[in-house]
Amino acid sequence: MSYLVSVEEGRLRLTLSGEVDLQITSELKEVLTGLLRSAPQPISVEVHAGEVSYIDSSGIALMLYAKKECSEHHITFRLKEISQVVMRILQLAKLEHLLKAEHVTTAQDPVKPLG
Amino acid sequence: MPSSLDSPHASSVLNLLFEMLIRYEQSEDLTIVHQWGVEQLMGLVDATAASLFLADELTGKLTCVYVCGGKDITGVQLKRKQGIAGTVFETGVAQITDAASKDKRHDPQFDAASGFTTHNMITAPIISGTVRYGIVQLLNKYPETPSHRHDKGFSDFTKADLTLAEIAARIMAQGLYAIQMAHKRAQEQVLRFEISQAIEIQQLMLNPSLSIPNICAKTRPAKQLGGDFFDYLQCGEIIVFCIGDVAGKGTPAALIMSSCIALFRSFKWNGNAISSSLNAFINQLNAFLISLNSDRFVVMSLGSLSLKNRDV
């Protein structure tokens with residue numbers, strides 16, 4: 001499974017793993033839009049992408065979209081962690097300052113369960 | 001309708017209907033044709049007055065656009081389902097109202113305000129398929145003979161009158177439909193022309209401003225307008241190039257694509273510091289795309305080739 005969305009105490013957690021590409025991002029965008037625009041709105045959105053092994057431009061666009069939606073609805077957006085693969089793509093696109101990750105996972109970091 | 005098609009009256013009726021068809025087909029000014037049609041219809045059914053109401057596409061309200069023989073009530077509006085006119089418009093079924101004053105749907109204040117007394121009427125919907133355009137009303141039929149005269153001095157509208165009114169109203173609807181289609185075709189023609197112009201300009205944009213030996217490129221969009229692009233230019237001994245793809249297809253992608261090329265060509269490239277120049281361009285392009293506040297994004301390969309040492 002490439003993504004998992006959960007809401008707990010008003011905090012929306014989006015966990016991405018494996019390959020994140022156009023096949024899932026279009027569906028995921030609809031899910032996020034529904035959650036961010038319907039009541040009750042989450043107070044924050046946390047993205048965990050530390051286990052992503054591949055991400056394409058649609059995946060990066062999805063993160064930007066989530067950040068933009070959060071900004072428009074006054075919801076806190078945090079990019080909690082990303083894998084080195086994601087970091088590399090962000091650096092190539094010069095977006096690492098716009099999508100600032102709190103932590104970049106390395107190969108040594110323990111693999112966390114999806115849930 | 002007259003029982004025999006050979007009778008003079010039948011001949012008049014057929015001539016009128018035929019002429020209505022021709023006029024509605026050939027004229028672009030339906031106002032004049034409507035007026036003519038309503039007056040002719042009045043004559044055929046011996047009505048003393050008539051009115052034409054057309055519906056607003058958005059609100060469904062009926063507005064009186066023409067009156068003949070009665071007090072001028074043009075501009076008067078009826079709400080949906082208001083009165084006999086509103087009912088006929090909603091149901092799409094023509095009807096004869098023999099005694100208007102006894103019909104609860106008929107608003108007596110309407111007559112009081114206009115100074116006209118409605119005794120009887122035919123109300124026919126102007127309808128084509130499922131599209132309703134309005135209604136036509138024919139009021140207060142002249143008596144054919146003294147024996148047909150009511151106490152009020154009017155005669156009854158007949159089923160033949162009703163049928164004739166229905167047919168005439170249908171012809172009016174066809175005329176309105178034809179004009180709508182003509183407008184739609186004209187708009188489509190304008191749009192096709194504008195798209196062909198846009199395609200031409202996009203093709204010009206995809207012709208790099210300079211030709212360099214051994215460098216060539218081509219793009220073939222999936223639709224008429226596309227979001228794929230490429231470009232290259234020379235800055236001293238450096239060739240800067242880009243190959244990109246705007247997410248999506250069609251006109252929106254083409255518009256963003258043209259902005260990307262314009263930005264690429266107008267950017268102040270520095271051949272002596274090409275690395276920082278490339279970084280600066282990406283930052284500028286990112287800032288521009290974010291400012292659009294659109295969900296679309298661009299995937300682009302951007303690079304440089306040194307003609308001196310062939311470094312890429």
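Residues numbered from 1 in each chain as written. Chains lettered and ligands numbered in written order. Predicted model: local features only at pLDDT ≥ 70, side-chain atom pairs only at ≥ 80, totals over all residues. Heavy atoms only, no water.

Q: Looking at this model, I keep getting lost on the sheet that holds strand β9 (residues 298–306) of chain B. Mind explaining?
A: Within a sheet, each strand pairs with its neighbour through backbone hydrogen bonds, oriented either parallel or antiparallel. Residues and elements named next belong to chain B. The sheet built from three strands is open, its strands ordered β7-β8-β9 with antiparallel pairing. Single-partner strands in this sheet number two, and they are β7 (228–235) and β9. Strand-to-strand twist of the sheet, defined as the mean angle between neighbouring strand axes without regard to direction, takes the value 10°. By the bridge criterion, nine bridges tie strand β8 (residues 238–246) to β9 in an arrangement that is antiparallel. The residue bridging F241 from the neighbouring strand is G303, located in β9. Set on the sheet, helix α6 (residues 250–266) makes contact with β7, β8 and β9; between it and β7 the angle comes to about 5°. Across the sheet, helix α7 (residues 274–291) is in contact with β8 and β9; its angle to β9 comes to roughly 160°. (Pairing = 2+ DSSP bridges. Helix = DSSP H or I, 4+ residues; strand = E, 2+ residues; numbered from the N terminus. Axes fitted to C-alpha atoms, helices over the stretch in contact; angles between N-to-C directions. Contact = heavy atoms within 4.5 Å.)

Q: I would appreciate a short explanation of the pairing of strand β1 (residues 3–8) of chain A in the present structure.
A: Strand residues, when the strand is regular, have side chains that alternate between the two faces of the sheet. Sheet analysis places β1(A) next to strand β2 (residues 11–20) of chain A, joined by six bridges and oriented antiparallel. By the bridge assignment, A:E8 is partnered in β2(A) with A:R11.

Q: How do you make sense of the packing of α6(B) against α7(B) when you look at a structure like this?
A: Residues and elements named next belong to chain B. In the contact formed by α6 and α7, the axes pass within 11 Å of each other and the chain directions differ by 150°. With respect to α7, the axis of α6 lies roughly antiparallel. Both α6 and α7 take part in a crossing whose hand is right-handed. Contacts between α6 and α7 involve I256, S259, C260, L263 and F264 on the former and, on the latter, F281, Q284, L285, F288 and L289. Split into classes, the residues belonging to the contact of α6 with α7 amount to eight nonpolar, two polar and no charged. (Parallel < 35°, antiparallel > 145°, perpendicular 65-115°, else oblique. Left-handed = near helix turned anticlockwise from the far one by under 90°. Nonpolar A, V, L, I, M, F, W, Y, C, P; charged D, E, K, R; others polar.)

Q: Please explain the environment of A:L95 as it appears in this structure.
A: Note on placement: A:L95 falls in the segment after α3 (84–92). You can call A:L95 buried: its relative accessible area is 6%. Expressed as a C-alpha distance, the spacing of A:L95 and A:L64, which sit 31 residues apart in the sequence, is 9.4 Å. A:L95 has contacts with A:I60, A:L64, A:L90 and B:N286, leaving out every residue within four places of it along the chain. (Buried < 20%, exposed > 50% of the residue type's maximum accessible area, 1.4 Å probe, protein only.)

Q: It is not clear to me how the pattern of salt bridges should be interpreted in this structure. Could you clarify?
A: Counted under the stated rule, the structure contains eight salt bridges over all chains. The partner of A:E46 in a salt bridge is A:R78, with the nearest N and O atoms 3.9 Å apart. In this pair, A:E46 is assigned in strand β3 (residues 44–55) and A:R78 in strand β4 (residues 76–82), connecting sequence segments 32 residues apart. With a closest N to O distance of 2.9 Å, B:D161 and B:K141 form a salt bridge. (Salt bridge = Lys/Arg side-chain N within 4 Å of Asp/Glu carboxyl O.)

Q: Where do I start with the confidence of the model for chain B in this structure?
A: Detailed reading of the predicted coordinates is not advisable wherever pLDDT is low. With 91% of its residues at a pLDDT of at least 70, chain B reaches an overall mean of 84. Confidence metrics for the complex model read pTM 0.61 and ipTM 0.73. (pLDDT = per-residue confidence, 0-100.)

Q: Looking at this structure, how should I read the nonpolar core?
A: Judged by nonpolar contacts, the single largest core of 36 residues is most densely connected at B:M20, B:I126 and B:L138. When residues of this core are traced back to their parent elements, those giving at least two are α1 (8–26), α2 (30–45), β1 (47–55), β2 (62–68), β5 (121–128), β6 (131–141) and α5 (159–205) of chain B. Top element by residues in this core is α5(B). It accounts for 10 residues. Apart from the residues lying within four places of it in its own chain, the contact partners of B:M20 are B:W36, B:G37, B:A168, B:I171 and B:M172. Grouped together as the second largest cluster of nonpolar side chains are 27 residues, A:L28, A:V52, A:I60 and A:I82 included. (Core = buried A, V, L, I, M, F, W, Y, C linked by side-chain atoms within 4.5 Å.)

Q: I keep staring at the packing of aromatic side chains and nothing clicks. Help me out?
A: Aromatic ring pairs: the centre-centre distance and the angle between the two ring planes describe each pair. Residue and element names in this part refer to chain B. Summed over the entire model, instances satisfying the criterion amount to five aromatic pairs over all chains. Taking 5.9 Å as the distance between ring centres and 85° as the angle between the ring planes, the aromatic pair formed by F264 and F281 counts as edge-to-face. With F264 in helix α6 and F281 in helix α7, the pair connects residues that are 17 residues apart, well separated along the chain. Here F264 and F281 have matching classes, each one buried. Centroid distance W269 to F281: 5.1 Å. Interplanar angle 35°. Geometry classified as tilted. Here W269 is found in the loop between α6 and α7, whereas its partner F281 is found in helix α7, with 12 residues between them in sequence. In this pair, the class of W269 matches that of F281, namely buried. A network of ring pairs unites the aromatic residues F264, F267, W269 and F281 as a single cluster. (Phe/Tyr/Trp six-rings, centres within 6.5 Å; stacked < 30°, edge-to-face > 60°.)

Q: Would you take a moment to explain the interface of chain B and chain A for this structure?
A: Note: interface size is frequently given as the accessible area lost on complex formation between the parts. Facing nine residues of chain B, the contacting portion of chain A comprises 12 residues. In terms of surface lost to chain A, no three residues of chain B exceed B:N293, B:D295 and B:F297, which account for 49% of the buried area on that side. Where chain B packs against chain A, one counts zero salt bridges. Summed over the shared surface of chain B and chain A, the result is three residue pairs in polar contact (both at pLDDT 80 or more). Looking at the side of chain B that touches chain A element by element, the count peaks at five residues for α7(B). Tallied by class, the residues present in the side of chain B that touches chain A amount to four nonpolar, four polar and one charged. (Buried area = accessible area lost by both parts, 1.4 Å probe. Polar contact = N/O pair within 3.5 Å; in protein donor to acceptor, adjacent residues only side chain to side chain.)

Q: Where do I start with the sheet that holds β4(A) in this structure?
A: Residue and element names in this part refer to chain A. Strand order in the open sheet formed by four strands is β1-β2-β3-β4, with mixed pairing between adjacent strands. Two strands lie at the open edges of the sheet, namely β1 and β4, each paired on one side alone. Geometrically, the sheet is characterised by an average inter-axis angle of 15° between neighbouring strands, direction not taken into account. By the bridge criterion, six bridges tie β3 to β4 in an arrangement that is parallel. Opposite S44, over in β4, you have T76 as the bridge partner. In the packing of α3 onto the sheet, contacts are made with β3 and β4, and the angle to β3 comes to roughly 95°.

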